[in-house]
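Residue-level structure breakdown
Listed here are the chains, written in short residue letters.
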Amino acid sequence: MDIETFFDISDQVMLFLLAVLVGAGLGILFDVFRAMRVVFPPAKKSGLTALSDIIFWLIYGFTIFVYSVQYGRGQVRFFFFIGSLLGFILYLLTIGNVVLGVIKKVYGYVSEFIHFVYSYTISPIVKIMRFIYQKESAVFVRSHKNDIKFSLNVLNLLKKPANVLYNKKAKLD
């Protein structure tokens, strides 16, 4: 059994083109991360953008490693990186920009629709509930104040031993 340890030119060209396709696939994955940033914009100093970039590049490196093991017979070749980066960049500069533009437009339309539905259905209910809460809370606060006054009056009555019947000593004859 002969184990081939080298790639001829046609194998290298096929591996390079396949690496370009892998890079384009990783560009699609990167668009998922970009879409998440559009939908859930991170705070300015939260570090979530850096974290998502680190996660993406770890996935990118792992994918190139698996590609090298699967198709490159365990050999990591420099042209794997070049091909994948070329595919990634080509995707981002062509289809990726279109996809991100579509994602932003769709998100804008969905956001406007949700805002419209909220403003005509949920917002009036919230306003009514807030009004009821304000009116009812005044009643409950007044009732609570009356309860406190009553409790203090009862305590004051108990502190005066002359007014309480069971505090008088009975004479035994």
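Preceding this paragraph is the structure being described.
The notes below deal with the structure included here. (Residues numbered from 1 in each chain as written. Predicted model: local features only at pLDDT ≥ 70, side-chain atom pairs only at ≥ 80, totals over all residues. Heavy atoms only, no water.)

Of note, serine 68 is situated in helix α2 (residues 48-71). When residues no more than four places from it in sequence are discounted, the contact partners of serine 68 are Arg73, Gly74, Gln75, Val76 and Phe80. (Helix = DSSP H or I, 4+ residues; strand = E, 2+ residues; numbered from the N terminus. Contact = heavy atoms within 4.5 Å.)

Ranked by size, the top nonpolar core spans nine residues in total: Leu26, Phe30, Phe33, Phe56, Tyr60, Ile64, Phe88, Tyr91 and Leu92. Contributions of two or more residues to this core are made by α1 (9-39), α2 and α3 (78-159). Those residues within four positions of phenylalanine 56 in sequence are excluded, and the remaining contacts are Leu26, Leu29, Phe30, Phe33 and Phe88. Among the nonpolar cores identified, the runner-up in size contains six residues, and Phe7, Leu15, Phe79 and Phe80 belong to it. (Core = buried A, V, L, I, M, F, W, Y, C linked by side-chain atoms within 4.5 Å. Buried < 20%, exposed > 50% of the residue type's maximum accessible area, 1.4 Å probe, protein only.)

The next subject is α2. Quick reminder: α-helices carry 3.6 residues per turn. Residues three or four places apart thus point the same way. With 24 residues, α2 extends 34 Å from end C-alpha to end C-alpha; this agrees with the ideal 34 Å at 1.5 Å per step. Along α2, the residues that are buried comprise Ser52, Phe56, Tyr60, Ile64, Tyr67 and Ser68. Directly after α2, the chain includes arginine 73, whose backbone phi takes a positive value near 55 degrees. (Expected span 1.5 Å × (residues − 1).)

A separate point is the packing of aromatic side chains. Summed over the entire model, instances satisfying the criterion amount to 13 aromatic pairs. A ring pair is formed by tryptophan 57 and phenylalanine 88, whose centres lie 5.9 Å apart and whose planes are at 65 degrees; its orientation type is edge-to-face. Of this pair, tryptophan 57 sits in helix α2 while phenylalanine 88 sits in helix α3, and the two are 31 residues apart along the sequence. Consider the rings of phenylalanine 79 and phenylalanine 80, whose centres lie 4.9 Å apart with planes at 75 degrees: the pair is edge-to-face. The class for phenylalanine 80 is buried, based on a relative accessible area of 0%. (Phe/Tyr/Trp six-rings, centres within 6.5 Å; stacked < 30°, edge-to-face > 60°.)

Here we take up the pattern of salt bridges. Per the stated rule, a full pass over the model turns up two salt bridges. Here aspartate 31 and arginine 34 are joined by a salt bridge, their closest N and O atoms 2.7 Å apart. Separated by three residues within a single helix, aspartate 31 and arginine 34 lie in helix α1, roughly one turn from each other. This pair shows no difference in class: aspartate 31 is buried, exactly as arginine 34 is. As a salt-bridge pair, arginine 37 and aspartate 53 come within 2.3 Å of each other at their nearest N and O atoms. Of this pair, arginine 37 sits in helix α1 while aspartate 53 sits in helix α2, placing them 16 residues apart in sequence. Under the relative-accessibility criterion, aspartate 53 is labelled partly exposed at 24%. (Salt bridge = Lys/Arg side-chain N within 4 Å of Asp/Glu carboxyl O.)

Here we come to the layout of surface pockets. The computed volume of the largest pocket comes to approximately 180 Å³. Together, Phe33, Met36, Arg37, Phe40, Pro42, Leu48, Thr49, Leu51, Ser52 and Ile55 line the largest pocket. Going through the elements one at a time, α1 and α2 are the ones with two or more residues in the lining of the largest pocket. In terms of residue count, α2 provides more of the lining of the largest pocket than any other element does, five residues in total. Here the lining of the largest pocket is built from residues that sort into seven nonpolar, two polar and one charged. (1 Å grid on protein atoms, 1.4 Å probe; cavity = no way out; pocket = protein on both sides within 12 Å on 5 of 7 lines; lining within 4 Å. Points joined across faces, edges and corners; volume = space filled by probe spheres on them. Nonpolar A, V, L, I, M, F, W, Y, C, P; charged D, E, K, R; others polar.)

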